[in-house]
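Below, each chain spelled out in residue letters.
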Amino acid sequence: MERRGWRGSCKGLGRTDRFAGLDDAVPVPTQKFHMMPMPLISFIIVNYRAADKVERAVRSIGQHCASSHEIIVVDNSDDAHHRADLATRLQPLPAQLIDPGHNGGFGAGCNVGARVATGRHLFFLNPDAALVEDCASSMAGTLDSDPTLGAIGCKVFNENDKVENSFGEFITIRRPLRWAKHVLHGCLRRLTGTKTALPPAKPMLREGLQDTQYVTGAALMMPAAVFQKLNGFDESFFMYAEETDLQYRMTKHLGLKTKVNLDVKVFHENGGTFTIKNHRRCLLERGCYIFIKKHHSYIYAQSYKALALMAAMIEVLASPVFSDYSAKDNAKLFVEVLKF
């Protein structure tokens, strides 16, 4: 798939308001936008039919981010009603709304937003996420203080007040093995009546600034200069694993590190923009396979696919005993893996 160049035109540039507060934004003419001082942070939010959640995210930035910033919303929605709803909700808010012209996926939308961003750091924030404190200023300060650092994330918690796995190691062939192990262990617990959960491969870190290989794209900050050197996200990833690929290339080609600051946090609504059951898993597994195929040998990729098929089949067979999905949904996932 041919990659688009870093610089390019964007259709439908919307509002470019700057603000003192969320409720009394003062419009600024579009032609004067780039004459203003460079903001420290450019927040980039890619929307797909989640106008209410995007509005929440934008308001949370205004409420909690004390550093100079701009907010760019890229609307990947392909429906006139959803587009109009988003435009109406953002009209009084300090956000620049961009219509990319088509839905090329999360990474492609982020690239569109990054092309018009003027901040020193880019903060990619999911539409179903929201700031609950000034994590952005803290993350930007860490990036500025460490020239060996190319990306940073933070603690992510969901609507159940549960901390999500928002960082970790690059995708390897161990992933489908852990998948199969999880299902088999769940079956054993269900059949024997035990409640002992499968212990994590590594203890979950709780606080402090930690080294990691990648952080989730739900709340990812990166210097704009680093993002530009990497030519942005690889748009062959529609959704999932594109941020892992970005940080893998950053580590491999630029020699920069990724860290996560577990002393600051953001809220992320788990699966908040998905309406089709099991669709998220299908996209996730496809993204992981694209990563494996891109960065490893043919034999390695085929071995990964075989193990993923095995894990998916185990979950299909285990559906009556242990699974969060029906046998029909698990069968759909197996077929999706078969298409790799």
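Structure's up top.
Being a predicted model, the structure only gives us computed values, none of them experimental. Counting starts from 1 at the beginning of each chain's written sequence and moves along it residue by residue. Per-residue local features are limited, in this predicted model, to residues with pLDDT of at least 70; the limit for side-chain atom pairs, both in listing and counting, is 80 or more; totals at the level of whole chains, interfaces and linings are taken over all residues. Hydrogens and water molecules were not included; the side-chain quantities draw on all heavy atoms of the structure.

> It is not clear to me how the side chain of Ser-67 should be interpreted in this structure. Could you clarify?
The topology assignment puts Ser-67 in the loop between α1 (51-64) and β2 (69-75). Here a polar contact is recorded for every N or O atom pair within 3.5 Å, except that within protein the pair must consist of a potential hydrogen donor and a potential acceptor, and residues adjacent in sequence are included only if both atoms are side-chain atoms. Separated by 2.5 Å, the side chains of Ser-67 and Ser-137 make a polar contact. Apart from residues lying up to four places away in sequence, Ser-67 is in contact with Leu-40, Ile-41, Asp-134 and Ser-137. Helix and strand assignments follow DSSP, with helices taken as H or I runs no shorter than four residues and strands as E runs no shorter than two, numbered in order from the N terminus. Should any heavy atoms of two residues lie within 4.5 Å, those residues are considered in contact.

> Explanation requested: the state of the cysteines in the structure shown.
Think of a disulfide as a covalent bridge from one cysteine sulfur atom to another cysteine sulfur atom. The definition used for a disulfide is geometric: two cysteine sulfur atoms within 2.5 Å. Per the stated rule, a full pass over the model turns up zero disulfides. Of the cysteine sulfurs around Cys-65, a residue in no disulfide, the closest is that of Cys-135, at 8.1 Å. The thiol of Cys-154 is unpaired, and the distance to the nearest cysteine sulfur, on Cys-135, comes to 4.6 Å.

> Would you explain the packing of aromatic side chains in this entry?
The description of an aromatic ring pair uses the distance of the two centres, along with the angle that the planes make with each other. Classification of ring pairs uses Phe, Tyr and Trp, with its six-membered ring standing for Trp, and accepts pairs whose centres are within 6.5 Å; under 30 degrees between planes counts as stacked, over 60 as edge-to-face, and the remaining range as tilted. Taken as a whole and assessed by the stated rule, the structure comprises 10 aromatic pairs. Ring geometry for Phe-124 and Phe-233: centres 5.3 Å apart, planes at 75°, overall edge-to-face. Of this pair, Phe-124 sits in strand β4 (residues 121-125) while Phe-233 is found in the loop between α6 (224-229) and α7 (242-254), placing the two residues 109 residues apart along the sequence. The same class applies to Phe-124 and to Phe-233, which are both buried. The rings of Phe-106, Phe-124, Phe-227 and Phe-233 are connected pair by pair, giving a single aromatic cluster. Using a 1.4 Å probe on the protein chains alone, a residue whose accessible area is under 20% of its type maximum counts as buried, one over 50% counts as exposed, and one in between counts as partly exposed.

> What am I meant to see in the environment of Gln-247 here?
Checked against the element boundaries, Gln-247 lands in helix α7. For the pair formed by Gln-247 and Thr-258, sequence separation is 11 residues and the distance between their alpha carbons is 7.4 Å. Residue contacts for Gln-247: discarding those within four places in its chain leaves Ala-151, Phe-170, Gln-213, Tyr-214, Val-215, Leu-220 and Thr-258. At 2.9 Å, the side chain of Gln-247 and the backbone oxygen of Glu-243 are in polar contact. Here the side chain of Gln-247 touches Thr-258 through a polar contact of 3.4 Å, side chain to side chain.

> So what exactly am I meant to see when it comes to the nonpolar core here?
Taken as a class, soluble globular proteins show a tendency for nonpolar side chains to be buried jointly. Val-73 and Phe-123 are the most contacted members of the largest nonpolar core, which totals 34 residues. Setting aside residues up to four positions removed in sequence, Phe-123 forms contacts with Ile-41, Ser-42, Phe-43, Ile-44, Cys-135, Ala-136, Met-139, Ala-219, Leu-220 and Met-221. Take the buried residues of types Ala, Val, Leu, Ile, Met, Phe, Trp, Tyr and Cys, join any two whose side-chain atoms come within 4.5 Å, and each joined set is a nonpolar core.

> What exactly am I supposed to notice about the pattern of salt bridges here?
Pairs can form between side chains of opposite charge once their charged atoms are near each other. Salt bridges are defined as contacts in which a side-chain nitrogen from Lys or Arg sits within 4 Å of a carboxyl oxygen from Asp or Glu. For the coordinates displayed, the defined rule picks out 19 salt bridges. Here Arg-115 ties to Glu-235 by a salt bridge, and the two come within 3.8 Å at their closest N and O atoms. Placement of the pair is Arg-115 in helix α3 (residues 106-116) and Glu-235 in the loop between α6 and α7, with a sequence separation of 120 residues. Taking the relative accessible area as the measure of exposure, Glu-235 reaches 9% and is therefore buried. Note that Asp-245 and Arg-249 form a salt bridge whose closest N and O atoms lie 3.0 Å from each other.

> Mind showing me how you'd approach the environment of Met-310 here?
Secondary-structure assignment places Met-310 in helix α9 (residues 298-318). Given a relative accessible area of 36%, Met-310 falls into the partly exposed group. Remark: the alpha-carbon pair of Met-310 and Ala-180, spanning 130 residues in sequence, is separated by 7.6 Å. When near neighbours in sequence (up to four residues on either side) are disregarded, Met-310 contacts Leu-177 and Ala-180.

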